[in-house]
Amino acid sequence: MNTLTESAAATASTPAAVSPAAALRKLYFLRFAFAAAWAALLLTTAGTLTTLTAVLLVAYPLFDVGCAVADLRSARPEGRPVRGLYVNAALSTLTAAGLAFAATSGIPAVLRVWGAWAITAGLVQLAVGVARRGLGGQWAMIASGGISTLAGASFVAQAGGADASLGALAGYAFLGGVFFLVSALRLGRTGGAAKG
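Residues numbered from 1 in each chain as written. Predicted model: local features only at pLDDT ≥ 70, side-chain atom pairs only at ≥ 80, totals over all residues. Heavy atoms only, no water.

Colleague: Would you mind showing me how to read the nonpolar core here?
Modeller: Soluble, globular proteins show a tendency: their nonpolar side chains are buried together. Counting 29 residues, the largest nonpolar core has Trp-38, Leu-57, Val-110, Trp-114, Leu-166 and Leu-169 as its most contacted members. Those elements giving two or more residues to this core turn out to be helix H2 (15–45), helix H3 (51–78), helix H4 (83–102), helix H5 (107–131), helix H6 (139–159) and helix H7 (167–189). Looking at which element gives the most residues to this core, the answer is H5, with eight residues. With nine residues, the next largest nonpolar core counts Ala-21, Leu-24, Tyr-28 and Ala-140 among its residues. (Core = buried A, V, L, I, M, F, W, Y, C linked by side-chain atoms within 4.5 Å. Buried < 20%, exposed > 50% of the residue type's maximum accessible area, 1.4 Å probe, protein only. Helix = DSSP H or I, 4+ residues; strand = E, 2+ residues; numbered from the N terminus.)

Colleague: What exactly am I supposed to notice about the packing of H5 against H6 here?
Modeller: Packed helices, taken two at a time, are described by their axes: the angle between them and the distance between them. It is at 7 Å that the axes of H5 and H6 come closest, and there the two elements cross at 160°. Classified by the angle their axes make, H5 and H6 are roughly antiparallel. Two packed elements cross with a definite hand, and for H5 against H6 that hand is left-handed. Class assignment of the residues belonging to the contact of H5 with H6 gives a composition of 15 nonpolar, eleven polar and one charged. (Axes fitted to C-alpha atoms, helices over the stretch in contact; angles between N-to-C directions. Parallel < 35°, antiparallel > 145°, perpendicular 65-115°, else oblique. Left-handed = near helix turned anticlockwise from the far one by under 90°. Nonpolar A, V, L, I, M, F, W, Y, C, P; charged D, E, K, R; others polar.)

Colleague: Hey, could you run me through the pattern of salt bridges in this one?
Modeller: Oppositely charged side chains can form a pair if their charged atoms are brought close together. Within the structure shown, the criterion is met by one salt bridge. Between Arg-31 and Asp-64 there is a salt bridge; the shortest N-O distance is 2.2 Å. Of this pair, Arg-31 sits in helix H2 while Asp-64 sits in helix H3, and the two are 33 residues apart along the sequence. Across this residue pair, the class does not change: Arg-31 and Asp-64 are buried. (Salt bridge = Lys/Arg side-chain N within 4 Å of Asp/Glu carboxyl O.)

What follows is the structure in structure tokens.
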């Protein structure tokens, strides 16, 4: 996800101020697009737990791992905190494996695994957003982390009820995507992504 070539990075007047925000902005736009498409696809299959639904469920945390890796690539050279990104990648990898197994047990099991992931990943997102608040555009990430934690608890609770459904996961993913979109737009306004 490098947005600048090595030569462009060498000639940029303030690469430390431009590169991190520009890279995050592009990554956040990508995350919004993926979340919107994923939510639409899940809604078409949310009533039952089919093979396609299981593939979609596992694909979401795997995409999250890919985004964390891309984020790490841009964060490490800039000296930004990366511990939360490593934790996020590990959690998402474990969640993908957990969802693959849970999909064989039914919707309640899927909701429990997804709920546990939403809680833990939300806390990590909250911490990363707070650590990055100096870049601008992070208030949406902070809010998204808090909402994810609460949503995760509701998924776990819903798993124990008679109305267990995967439909709420589509809404959760889309809302998370909207928060990424808002952050991308805010990063553009702060001027950090002026060249990106």
